[in-house]
Each structure stands twice: as C-alpha cells, then as structure tokens.
Amino acid sequence: GAAELFGVSIALGAFLAGVVIKGSGVSSQVAAKAIPFQDLFSILFFVSVGMMVNPMMLLQNFPQVIVLTLLIIVGKWFINLFLGFLLPASAHTSLTVAAGLSQIGEFSFIVCQTALVLGALSTDQYSLILAGSAVSIAFNPVVFKTITPIENWMKTKPFLWNLTHRHKEKLTIEPSGYN
C-alpha cells in the first residue's frame, strides 16, 4: 500500500511499514505471528539467489569469483572490525560484528539490479557480483569459526589486545518502552 500511495519501491514500502509496526503497541504480537513466514522467506531468498547464479559463468570465471569473494569477505571484515573498535564494545563484540557483516547482504541485490537496469553494470559484472555474494553468504559460518582463534592470537600481542579491548565493560540495553 505504501508503495502505491507514496510512489516508492515495494522494498522501501515494506521497510516503512515495519518501522510503523515496531513503534506500535502490537509489535510483539505481529513479530510472534511472523516467525513462520521468516523461515519461509529465508528459504525462498536462498532458492531465488541460487536460481540466479549461472553455474557455467561460475566455472568459466572461477578465479575472478574467488578474488571477488575474498575482497568481499576480507575487505568488509576489516572495515567493520575497524569501525567496531571505534565504538564502545569489547574486542570479542567487534570481532563478532565484523564476522557477521563480512558478506554481501540482500540490499546489494537491489542495488546491483538497479545498476543493471540503468546500464551501470553489464550482465557479466552482475553475474560476478551475484556469484561472489552467494559464495560469501555460504562461507559466512566459516568466518564465524575464526573469531575465537583470532581473539586468542590477539591476546598474545599485548599492544594489539590493549588497543582493541579497551572497552571491557558490558553494554546494557535499556527497554524501549514499546511493549
């Protein structure tokens, strides 16, 4: 409805509807009823991404896909880790956030699709980004397994550990008052 009424995309309309519902008194009730749909949409998302990936393009451009995937994972990991260290959080929290964000998310598909329609991306570039994002999403659990070894390694380097673990206090989340 918001997409038609305000002339915005369906994705933005859904986002705005979510913001409005979160601010209402029925947000917990809506969230409880939406849980079965969350699993269904997760499955649909991964199936649709898998259907968009061309296996032949993946095989023909395997080196480029690997380099792009490494750039996505390592680049986003370092950027998010750096930003995490600027915020008041422990080193473990910063490593966890960096691992969680070291993949390409769903929003990038919307941006790439728009760039493809506008002619800013070629079909081959779009396919490479799609393949890199699918591989980065699939590889994300492995990235999470590196948190403890990296944290243990950082503890052996006192300068690095003191630099990154300067916010040792636990963060508390205040109730929002929307319940």
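The shown structure was predicted, so the numbers you read here are calculated from the model rather than taken from an experiment.

Q: I'd like to hear about the overall build of the protein, residue by residue, with values.
A: Scanning the protein from N- to C-terminus turns up ten helices and zero strands. Helices (α) and strands (β) of the protein occur, in sequence order from the N terminus, as α-α-α-α-α-α-α-α-α-α. Taking all contacts inside the protein whose residues are at least 6 apart in sequence as the whole, residues at least 24 apart take part in 72%. Of the roughly 12300 Å² that the protein leaves accessible, carbon and sulfur atoms contribute 73%.

Q: Tell me about the side chain of Ser133, and please be specific about residues and values.
A: By the element assignment, Ser133 lies in helix 8 (residues 123-144). The exposure class assigned to Ser133 is buried, which follows from its relative accessible area of 0%. Separated by 2.8 Å, the side chain of Ser133 and the backbone oxygen of Leu130 make a polar contact. Apart from residues lying up to four places away in sequence, Ser133 is in contact with Ile72, Ile104 and Phe109.

Q: I'd love a proper account of the packing of aromatic side chains, names of residues and values included.
A: For the structure on display, the rule yields one aromatic pair. Here the aromatic rings of Trp77 and Phe78 are separated by 5.1 Å at their centres, their planes lie at 80°, and the arrangement is edge-to-face. Note on Trp77: relative accessible area 12%, which makes it buried. On the basis of relative accessible area, Phe78 is assigned to the exposed category, the value being 51%.

Q: Residues and numbers for helix 7 (residues 106-118), please.
A: The terminal C-alpha atoms of helix 7, which comprises 13 residues, lie 19 Å apart, in line with the 18 Å expected from a rise of 1.5 Å per residue. For helix 7, the set of buried residues is Ser108, Phe109, Cys112 and Ala115. The buried residues of helix 7 occupy one face: seen down the axis, they fall within an arc of 130°. In helix 7, the exposed positions that point more than 90 degrees away from the buried face belong to Phe107, Val117 and Leu118. A positive backbone phi angle near 85° is found at Gly119, which sits one or two residues after helix 7.

Conventions and cut-offs
- Residues numbered from 1 in each chain as written.
- Predicted model: local features only at pLDDT ≥ 70, side-chain atom pairs only at ≥ 80, totals over all residues.
- Heavy atoms only, no water.
- Helix = DSSP H or I, 4+ residues; strand = E, 2+ residues; numbered from the N terminus.
- Contact = heavy atoms within 4.5 Å.
- Areas by Shrake-Rupley, 256 points an atom, 1.4 Å probe, with all protein chains shown as cover.
- Buried < 20%, exposed > 50% of the residue type's maximum accessible area, 1.4 Å probe, protein only.
- Polar contact = N/O pair within 3.5 Å; in protein donor to acceptor, adjacent residues only side chain to side chain.
- Phe/Tyr/Trp six-rings, centres within 6.5 Å; stacked < 30°, edge-to-face > 60°.
- Expected span 1.5 Å × (residues − 1).
- Arc of directions from axis to C-beta.

These figures capture arrangement, not role.
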